[in-house]
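Spelled out from the first residue to the last, the chains are:
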Amino acid sequence: MGLIHADVELANARNDALYPMTVHALVDGGALHLCIPQHVATQLELPVLDRREVTIADGKAQTVDYVGPVRIRFANRQCLVGALVLGDQPLLGAIPMEDMDLVISPSRQTVTVNPASPNIAASMVMGFRTAHL
């Protein structure tokens, strides 16, 4: 399976006066967060909310800015998240994908809305309970 990308719209959720940006994001269901390069955080004027220690793919740890809130739009879905300022390419991880109820289609190498809920995002809000014996 090759690398999967998706065009997503990113915006500063607190400042509607700023135009949103459409970015070509790498999609990685094994990563958790939205990661954006510094130039995207700068253009969207996203304030630094915190600093986070992250472990990158090569196993090295580093401290990065955590900015937001970021509004992400894809197809007929949107969500609000924080973003890690890291790397030179936007990365869409599992948290925003789950929040928008998006799925990866490996055969087509694309991202799409969940075909089981095409018109509105669905979400699991509680875990399944098991019977106590």
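Before reading further, recall that the structure is shown in the block above.
Reading the values: the criteria
- Residues numbered from 1 in each chain as written.
- Predicted model: local features only at pLDDT ≥ 70, side-chain atom pairs only at ≥ 80, totals over all residues.
- Heavy atoms only, no water.
- Helix = DSSP H or I, 4+ residues; strand = E, 2+ residues; numbered from the N terminus.
- Buried < 20%, exposed > 50% of the residue type's maximum accessible area, 1.4 Å probe, protein only.
- Areas by Shrake-Rupley, 256 points an atom, 1.4 Å probe, with all protein chains shown as cover.
- Lys, Arg positive; Asp, Glu negative; His and termini not counted.
- Charge placed at Lys NZ, Arg CZ, Asp CG, Glu CD.
- Phe/Tyr/Trp six-rings, centres within 6.5 Å; stacked < 30°, edge-to-face > 60°.
- Lys NZ or Arg CZ within 6 Å of the ring centre and 35° of its normal.
- Pairing = 2+ DSSP bridges.
- Salt bridge = Lys/Arg side-chain N within 4 Å of Asp/Glu carboxyl O.

All right, on to the overall build of the protein chain then. Within the protein chain, the regular secondary structure consists of two helices and nine strands. In the protein chain, the succession of α and β elements from N to C terminus is β-β-β-α-β-β-β-β-α-β-β. The principal-axis extents of the C-alpha atoms in the protein chain amount to approximately 50 × 35 × 35 Å. Burial analysis of the protein chain (133 residues in total) assigns 40% to the buried set. Of the roughly 8400 Å² of accessible surface on the protein chain, a fraction of 54% belongs to carbon and sulfur atoms. Computed over 9 positive and 13 negative side-chain charges, the inter-centroid distance for the protein chain is 5 Å.

In this structure the tally under the stated criterion is zero aromatic pairs. In this structure, R52 is placed above the aromatic ring of Y66, and the distance from its NZ or CZ to the ring centre is 3.8 Å.

As a further point, take the pairing of strand β6 (residues 77-85). Of all nine residues that make up β6, seven are buried, and the element is covered over most of its length. Relative to β6, strand β3 (residues 34-36) runs parallel, the two sharing three bridges. For C35, the partnering residue across the bridge sits in β6 and is L84. Joining the antiparallel neighbours strand β5 (residues 61-74) and β6 is a turn of two residues, in which A75 adopts a positive phi near 55°.

Throughout the structure, instances matching the rule amount to six salt bridges. Across the pair R73 and E9 runs a salt bridge whose closest N-O atoms are separated by 3.4 Å. Note that R73 is positioned in strand β5 and E9 in strand β1 (residues 4-12), a separation of 64 residues in sequence. A salt bridge links R51 to D65; its shortest N-O distance comes to 2.7 Å. Taken together, the residues span a long stretch of sequence, with R51 in strand β4 (residues 48-55) and D65 in strand β5 at a distance of 14 residues.

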